[in-house]
Structures are given as structure tokens and as C-alpha cells.
Amino acid sequence: MSKRKSLHTAVAHDEHDQRHYGAVTVPVYANTLFTFENYEEMDRDEPGIKYSYSRGDNPTVNALEQRLAELEGGAKARCFASGMGAISAAVLSLVRTGEHIVCVDQAYGPAREFMGRYLERFGIATTFVDGTELGAIEDAVRENTSLLYLESPTSLFFQLQDVQACAALARKRGLRTVIDNTWATPCFQQPLALGIDLVVHSLTKYIGGHSDALGGVVIGSAELVDAVSGSEHALLGAVMQPQAAATLLRGLRTLPLRMERHQASAGIIARHLESLRCVDRVHYPGLTSHPQHELAQRQLSGFSSVLSFEAGTDIARLKRFADGLRLFRIGFSWGGYESLVSIQTGRRTPASEPVPVARLYVGLEDPEDLVRDLDAALRQAGFDLGGGT
Ligand SMILES: *Cc1c(COP(=O)(O)O)cnc(C)c1O
């Protein structure tokens, strides 16, 4: 409770900053470079950041970084042009040729492909494991494993890893840990406090919140984030634009407020779907029927609004359902004001058969309108809702 309250204040309150003439919003420093009066000024040793070129540090981007570090409880943060920019930088900073990664099987597709396929050419191997089984993670650790990569919950079946237990295991075996915290946001999950080394986010989703800016961030200790800044950020150059930083800062102002609404609406929709005869399973950690609900309650302080459900095995029928929706629009991504649907196939475990799944992102619309939209589209696609409806 008190944590939630402090989040609302943390996003709304800025220190009065003399450098910006008391401006109430952080100005967009669109400039690529900073010039100096003379060489004495350029060579002078001063405490804090010396701005010289915006691919390195930029005041607007730095303001977002400070705010994100504070929200996650990290010492430092580094922003990137996209979530994948942040993920690839975090992973690259922690692995060397000849080493090995253990990654949860259900991790975000492009992240999985980066570790599984792309890094192979540099002599880095990755083993994908069922993240719900701590034993499976432990069994996959080899002599040369240097990184455990987590994403909890995952974003198709919403499976959790026991983050604290994973962090403890990693520490015992001398591995570094990275977690993708995009689904939960810093409002609902604080992985650094659970012992994780680096947290990554796609800022493109809930944090931006309006589907109008791409961004990513790496957050952690000063030592690890400085290492990322000095190598992957500076050398690969996937840096955030100041304009994007200003847009993302604006989105961040309402993050805790939006997350409360998302959580309430998603709960209504998840429980409604579960009550329908045609729905086989709803995948949402906030439901008591979720197989890891107890862990979810312990590890998360709230539940966001991306969820999925299974209803038969006929993917064409699920696509007709998606076509019939009026308020949910067909599209990937999430985190904006607008509700979305995507029909995907996935395996619940590495060994199981792929099944069709409807993934929903519950936006900021009235949840009762969204329920009516779902019911009408299901009925129109020939699904049996039961209950005399
Ligand atoms: C979207 C997403 C990413 C990638 O972020 P981009 O900003 O699109 O590069 C990573 N992880 C998760 C869970 C995502 O949903």
C-alpha cells in the first residue's frame, strides 16, 4: 500500500531544477552536441556529467533514466532506442565467446532469437528451459554458463519463474541474471529487490502508455550499468532520441494511475471469460485458477492487463472472433490506451504440442463495453457462451 502511494508521488514530483529555469517539464534538449567557451572549460574536471555529445549523455534522456532507476530501486539506468536495444545490450555486456546462457523457453520471441540463433555465430550457446521448474533451470546450468535470462510472467501463457529462488540459484552458481519486467512494470514487480542483477523493459509498452514512442532501458547497480554504458551503449549506438525521452517521461507521469485501471479491467475480463462455456482456459496470474497464483501473489504486488485464453483448437474460428471485435483492434504490442487482440500459437511447455491462443490486451476503455464486445464477437464466430446467453 505505502509502496503504491510513493510510486504515485515519485512519478508526479520533480526536484526543482535551476538548470532548467524552474521549467515544470523537462525540456527537450534536441541538440546533438554541446560546445565549450574555451579549452579551459572543456578540460575542467567537474563533478557530475559533462555533456559533450548526445549519443553518450543528453539531459532529457538522463532525466528519464534517473526516474526509471528510482522507480525500479536501481542505482543507475541506461535508455536505448527500443526494448530490443536494451535487451541485446544487457545480454552482450554479460557474456563472452565460449560461454553459455540459460533462458526461459517462453521469452519474448526476438529476445529468444537473439540468444538462440544470433549469438551462436559468436560461439555463445543458449539452452531454453521450462521456467516454471526451478529444477529444469538448475539442470541446464553448465560449467561455462554465465547468464540466466528470465521473463516473468511470460507474454503468451503468463507463466512465472520464482524470481527470488532463481536469483539465489544464480548467485550460488556464479551466474549473472537479467529479467524482462515489461509486463509487470515497476509498479507491480521489483526484481532488483529479489536479487536480480539487471532489469530490462520495453518502454514502448505500459511505460510510454500511448503507443507513440519506442524505447528500452537497462537498470541495475552502478557497476553493471556503467559497463553497459561504456561498451554496448557507446559502441553499438542504439541510443534513445531526446524527443522520445520527453514523450516517455510524459507517459510515465500516469503509469501508476493507468496500471490500477488496467488491473481492475483485466480482472473483470479474465473472470468473465472463465465463466464462458466455450473457453477452455484463461491464462492470467491474477486468477485463483492460475497454476502459480500463490507464487504470483507473493512475487507481484499487482497484475497488469495482458492475458490470453484458449477456446478449442480451430484457429480459423478464433481469427473470425478477432475479426468480429469492434473495440479490440487486431495488433501486436500492448500498453497503450487501446485494447488489442492477436491470435497466436504456442507451446505451453518445450515438449507439448502447439495450441492456438487468443491474446488480449485490455486498454483503458470501459470494461463493461469490452465484455460486451468480446461476447458479441464470440457469438458471431459460433462459440457457445453457455449460461443462457
Ligand atoms: C515489446 C517487447 C519487447 C521488445 O521491445 P521493443 O521496444 O519492441 O524493442 C521485449 N519484451 C517484451 C516482453 C515485449 O513485450
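To be clear, the structure that these remarks concern was listed above.
Report on the accompanying structure. The model shown is predicted, which means the values in this text are computed figures rather than measured ones. (Residues numbered from 1 in each chain as written. Predicted model: local features only at pLDDT ≥ 70, side-chain atom pairs only at ≥ 80, totals over all residues. Heavy atoms only, no water.)

A word on the packing of aromatic side chains
Per the stated rule, a full pass over the model turns up 7 aromatic pairs. Each ring, one from Tyr118 and one from Phe122, has its centre 5.8 Å from the other, and the planes form 55 degrees; the classification is tilted. By relative accessible area, which is 38% here, Tyr118 ends up partly exposed. The exposure class assigned to Phe122 is partly exposed, which follows from its relative accessible area of 38%. Arranged with centres 5.7 Å apart and planes meeting at 70 degrees, the rings of Phe309 and Phe321 form a pair that is edge-to-face. Here Phe321 lies in helix α13 (residues 315-324) and Phe309 lies in strand β9 (residues 306-310), a separation of 12 residues in the sequence. Exposure remark for Phe309: the relative accessible area of 0% places this residue in the buried category. Grouping aromatic residues by their ring pairs yields a cluster made of Phe114, Tyr118 and Phe122. Between Arg112 and the ring centre of Phe128, over which it is positioned, the NZ or CZ distance is 3.9 Å. When the ring centre of Phe383 is taken as reference, the NZ or CZ atom of Arg317 above it lies at 5.0 Å. (Phe/Tyr/Trp six-rings, centres within 6.5 Å; stacked < 30°, edge-to-face > 60°. Buried < 20%, exposed > 50% of the residue type's maximum accessible area, 1.4 Å probe, protein only. Helix = DSSP H or I, 4+ residues; strand = E, 2+ residues; numbered from the N terminus. Lys NZ or Arg CZ within 6 Å of the ring centre and 35° of its normal.)

Side note on the sheet that holds strand β10 (residues 329-330)
The 5 strands lie next to each other as β8-β9-β12-β11-β10, forming an open sheet whose pairing is mixed. The open sheet has two edge strands with one neighbour each: β8 (281-283) and β10. The pairing of β9 with strand β12 (residues 355-361) spans 4 bridges and is antiparallel. Residue pairing for β12: Val306 is matched across the bridge by Tyr361. (Pairing = 2+ DSSP bridges.)

Focus: the nonpolar core
Counting 114 residues, the largest nonpolar core has Leu64, Tyr149, Leu273, Phe309 and Phe321 as the members making the most contacts within it. When residues no more than four places from it in sequence are discounted, the contact partners of Tyr149 are Ile87, Val91, Val102, Cys103, Val104, Ala107, Ala111, Met115, Val178, Asp180 and Val200. (Core = buried A, V, L, I, M, F, W, Y, C linked by side-chain atoms within 4.5 Å. Contact = heavy atoms within 4.5 Å.)

Re the environment of Ile137
Looking at the secondary structure, you find Ile137 in helix α6 (residues 134-140). For Ile137, a relative accessible area of 1% corresponds to the buried category. Spatially, the C-alpha atom of Ile137 lies 9.1 Å from that of Leu169, the residues being 32 residues apart in sequence. The residues touching Ile137, leaving out its near neighbours within four places in the chain, are Val102, Val129, Asp130, Gly131, Leu148, Cys166 and Leu169.

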